[in-house]
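# Summary of structural features
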Amino acid sequence: MNQQAEAGKSALWGVGDQGIRVISSLPEEVRLLVKPAAVDSDLQTLVCSPTARKIRIGPQTRSAKEIGGDPKKLREAFRESEEKIREKLSGTRTLLIVGGLGGGLASGVIPDLCLCARKMKIFTLVFATRPFAFEGKKRNRIFREARERIEESGAGLACFSLDRLVGKVDDDTPHQEVFRRCDRILQDAVECATAYLTAPSEPGGNRVGLGNIFTGAGEAVMGSEEASGPEDLVKSAKAALSSLALTAADLARVRGVLIQIDGSGPLPFRPVERSIGSVSRLLGEETEVLYTVTRYRKPEEKISFRLLAAGVPERRFRADGSQIPVTMTADRPESRQEEIDFNKFTRGIFADDGPTTREGEDLDIPTFVRKGIELDGDPAGGG
Amino acid sequence: MNRSGEIIAGLDVGTTKICLLVAERTGEEDIRVIGAAIRPSEGLRKGEVVNVARTVEAIKNTLSQVENTCEIKLGSVYAGVTGAHVESYNSRAILPISNPSAGVSRKDIAAAVEAASRFSLPSDREILHVLPQEFAVDDRTGIVEPEGIKGSRLEANVHLVTGRTPAINDILNCVQQAGLDVEETVLQQLASSLAVMREEEQESGAVLIDIGGGTTDYAFFRNSMVRHTRVISVGGDHVTNDIRIGMRVLVRQAEELKKKYASALAERVGDEETLTLPSPLVPSSGGRSRKTLCRIVELRLMELFGLIRGDLEKAGLLQNIGSGLVLTGGGALLRDIRELAERETGLPVRIGLPRGICGLREAIDSPVYSTAVGLVKYGCKWGMNQSTLTDRSGGVIGGFRRWLERYF
Ligand SMILES: Nc1ncnc2c1ncn2[C@@H]1O[C@H](COP(=O)(O)OP(=O)(O)OP(=O)(O)O)[C@@H](O)[C@H]1O
Ligand SMILES: Nc1nc2c(ncn2[C@@H]2O[C@H](COP(=O)(O)OP(=O)(O)O)[C@@H](O)[C@H]2O)c(=O)[nH]1
Ligand SMILES: [Mg+2]
């Protein structure tokens, strides 16, 4: 099957705020291959999205406000929109879905979307983020419920833990930069999968491969490095692999990896072989390795080496971002509630600006945070 | 369309909105707004340009809207400036009077003001305004109009407003790239003061506080002269950011919560009042306490007014405030902010709306437009085409160039 034929039957839907953000900034080549669409219940969000295709979930008869952020109500709303969604999906062979789980919309809608796609025999892959532990128990519960339902639907799932990502962030990295990196990771993952999916092969062959590594997959991690030329590829492959911060034991247990080497012209075989080999020799007996070499880059750009590992042993984190040791079982209660490192997250919309300093205080940080004032009955405020 | 009067335009390049106001002056005091356009501003942070392309785009949009609706071609505007880079000083100089028996001449006055403003500026700074205060001739102090007074020494006191040249150039560049010339750059709070303050207030001592999105700009007036100006890089956006973090909502939701439900006085809100979030996207926010929201806002504004009060106190001005505070800018729209400001400063406070201008009344009847209206009024008062600059009150706010012209 040629690339265009598969591409014409693939769709990429960004669901919820984060999902829509991710699909809006994909490279042109990828957008042409998968025709992204923005999905939300909020008209305003859709209106603001630069993506040409927009799908509104929920009935026009009820205001978005009434639906609330309640995943249950959103599911109801989804049911009412199902007809419309089936229509939009008809003729689709592969559906890629992106969103940040833990919020209302993505968590409520993505599992139902997967079910709906399954009924229509569409091969479905979800790329999602798992909320930070500090975002609270409720969001993390919503996430787990959504994940379970997605897995039940039979769709493939690559779930990127934000806490794991932050393990690699410096102390003074701005808050917004962290979320930009989350977006970036989802973008890279979608690009990798799209590249592989639309690469020439046996009809549907690539779908089988992706299905193998993503079904029931649980956590995924993504690394991406650039090489200035083919001779540098091995170096960037190693860098990408080490950026995943997986132990040798973890690596041996990974279910599958998907590698995309993207340049602007034809690449010689040897550097490709050596770079991928430097990764695969560290993987386990059962780990599946999929790879594709693409030419999406512009001549002036470097070669990129992207590595997505799926089915990675899960790690758990405390609300302060520290990792819970593996020996600690899930049912053992956490010993104490720890505080969030405020300076890291509280400059909010001013994260990218220089601080407004007055007598040693950064006035961009909320007053109530600096003064250490507990906001009554509100867990988010006090710490 | 046939326009008989002179066209004057004010361009307020703010952190949250860009506003272009075009007025026609048909008589001395007869200013009529004939066109207004407003666009969200995305290229500024805390009053300073960070993204030229977006700012130019927004200015162009306002321009084409105004030009189309008014059927005019606009050449130049008065533009506002603000930002943390603005710094002000009081300065003075004493010079011998050139011909003591004839009394102080215009030349003496100009020379003294010049000398007082020859403040040693770092190379990346420039003077935005020279605002003459009182003069003294020998031992007689507090003279407003020294011309003709006999004596041997003339002392000039001036208030100097300076800004960082690159920051000012950024604004100039944006306006120019949008196809407009800048007649003059005017400190935002001075523009706003022209739009909202009463003469009695400026006479008896009052502070104009313009609470914008990115900055809070204020100016203290007494005896109809500017004594003190200051820009604090804290504004309505900080209130929004605090809400966003404290209530765990998205920025636009925080903005909506602020405008719809926030009060600056948390005590006025019942413990049991809960909020319906403006958008369904954050599930955990159903049934949040309105009191918490107001508490977040109150804490931020208490701090802001505390900073202003402390600064005025340090400058020794607090006891010279005869009238009180005049709040304007979008931040002044916050519920109960007047009462909070009174509580925090112990001074009488009122909310200032732009006045003294007619036409499109309902379009500009909000503190959000104070700066734009003030810029137009500034242009009318000290515009290029103005031949009579003898107006006494001209001493209050005149650009450097303009002021010297009066005396040469
Ligand atoms: N009804 C309202 N209640 C509370 N705040 C409001 C209301 N309307 C506007 N604001 C706030 O006012 C601010 C915008 O004010 P304004 O238009 O005077 O700012 P600006 O001129 O764009 O900014 P700056 O002067 O700082 O460059 C925003 O923070 C906005 O949230
Ligand atoms: N608040 C916030 N969350 C983000 C951001 N980027 C990613 N996320 C994550 O995405 C999750 C869902 O957020 P969102 O997409 O806004 O929710 P939805 O639109 O209701 O599906 C959050 O719980 C976060 O873990 C961001 O910029 N801000
Ligand atoms: Mg303003």
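Residues numbered from 1 in each chain as written. Chains lettered and ligands numbered in written order. Predicted model: local features only at pLDDT ≥ 70, side-chain atom pairs only at ≥ 80, totals over all residues. Heavy atoms only, no water.

This next bit is on the site of ligand 2. All names here are of chain A. Around ligand 2, a shell composed of 16 residues is seen, among which Asp 17, Ala 106, Glu 135, Arg 139 and Phe 179 lie nearest. Between ligand 2 and the protein, one listed contact pairs an oxygen atom with a backbone N or O atom of Gln 18 at 2.9 Å. Leu 105 places a polar main-chain atom, nitrogen or oxygen, 2.9 Å from an oxygen atom of ligand 2. Compared with its free state, where it exposes 580 Å², ligand 2 has 87% of that area covered by protein. At four residues, the largest contribution of residues to the shell around ligand 2 is made by helix 2 (residues 16–24). Within the shell around ligand 2, the residues separate by chemical class into seven nonpolar, five polar and four charged. (Near = heavy atom within 4 Å. Polar contact = N/O pair within 3.5 Å; in protein donor to acceptor, adjacent residues only side chain to side chain. Areas by Shrake-Rupley, 256 points an atom, 1.4 Å probe, with all protein chains shown as cover. Helix = DSSP H or I, 4+ residues; strand = E, 2+ residues; numbered from the N terminus. Nonpolar A, V, L, I, M, F, W, Y, C, P; charged D, E, K, R; others polar.)

A few words on the pairing of strand 3 (residues 31–40) of chain B. All names here are of chain B. Pairing of strand 2 (residues 17–25) with strand 3, which is carried by nine bridges, proceeds in the antiparallel orientation. Its bridge partner being in strand 3, Cys 19 is matched across the sheet by Ile 38. Hairpin connection, strand 2 to strand 3: the antiparallel pair is bridged by five residues. (Pairing = 2+ DSSP bridges.)

All names here are of chain B. Spanning 13 residues, helix 3 (residues 165–177) covers 18 Å between terminal C-alpha atoms, matching the ideal 18 Å at 1.5 Å per step. Considered for burial, the residues of helix 3 that qualify are Thr 165, Ala 167, Ile 168, Ile 171, Cys 174 and Val 175. Among the residues trailing helix 3, Gly 179 stands out with phi positive, at a value near 95°. (Expected span 1.5 Å × (residues − 1). Buried < 20%, exposed > 50% of the residue type's maximum accessible area, 1.4 Å probe, protein only.)

We now examine the site of ligand 1. All names here are of chain B. Around ligand 1 sit 22 residues, and of these Thr 15, Thr 16, Lys 17, Glu 255 and Lys 258 come closest. Within the side chain of Lys 17, one N or O atom sits 2.7 Å away from an oxygen atom of ligand 1. In this structure, an oxygen atom belonging to ligand 1 sits 3.3 Å away from a main-chain N or O atom of Gly 331. Taken by itself ligand 1 offers 650 Å² of open surface, and the protein chains cover 91% of this. Listing elements by their share of the shell around ligand 1, those giving two or more residues are helix 6 (236–247) and helix 7 (251–261). Counting residues per element, the shell around ligand 1 draws most heavily on helix 7, which supplies three residues. Split into classes, the residues belonging to the shell around ligand 1 amount to four nonpolar, twelve polar and six charged.

The next point concerns the sheet that holds strand 12 (residues 206–211) of chain B. Residues and elements named next belong to chain B. Read from one edge of the open sheet, five strands run 14-13-12-17-18, paired in mixed fashion. For this open sheet the edge positions go to strand 14 (225–232) and strand 18 (349–351), each flanked by a neighbour on one side alone. This sheet shows a mean twist of 20° between the axes of neighbouring strands, independent of strand direction. The pairing of strand 13 (residues 216–222) with strand 14 spans seven bridges and is antiparallel. Bridge pairing in strand 14 links Tyr 218 to Arg 230. On top of the sheet, helix 4 (residues 188–196) reaches strand 12, strand 13, strand 14, strand 17 (324–328) and strand 18; it is set at about 60° to strand 13, its chief contact. (Axes fitted to C-alpha atoms, helices over the stretch in contact; angles between N-to-C directions. Contact = heavy atoms within 4.5 Å.)

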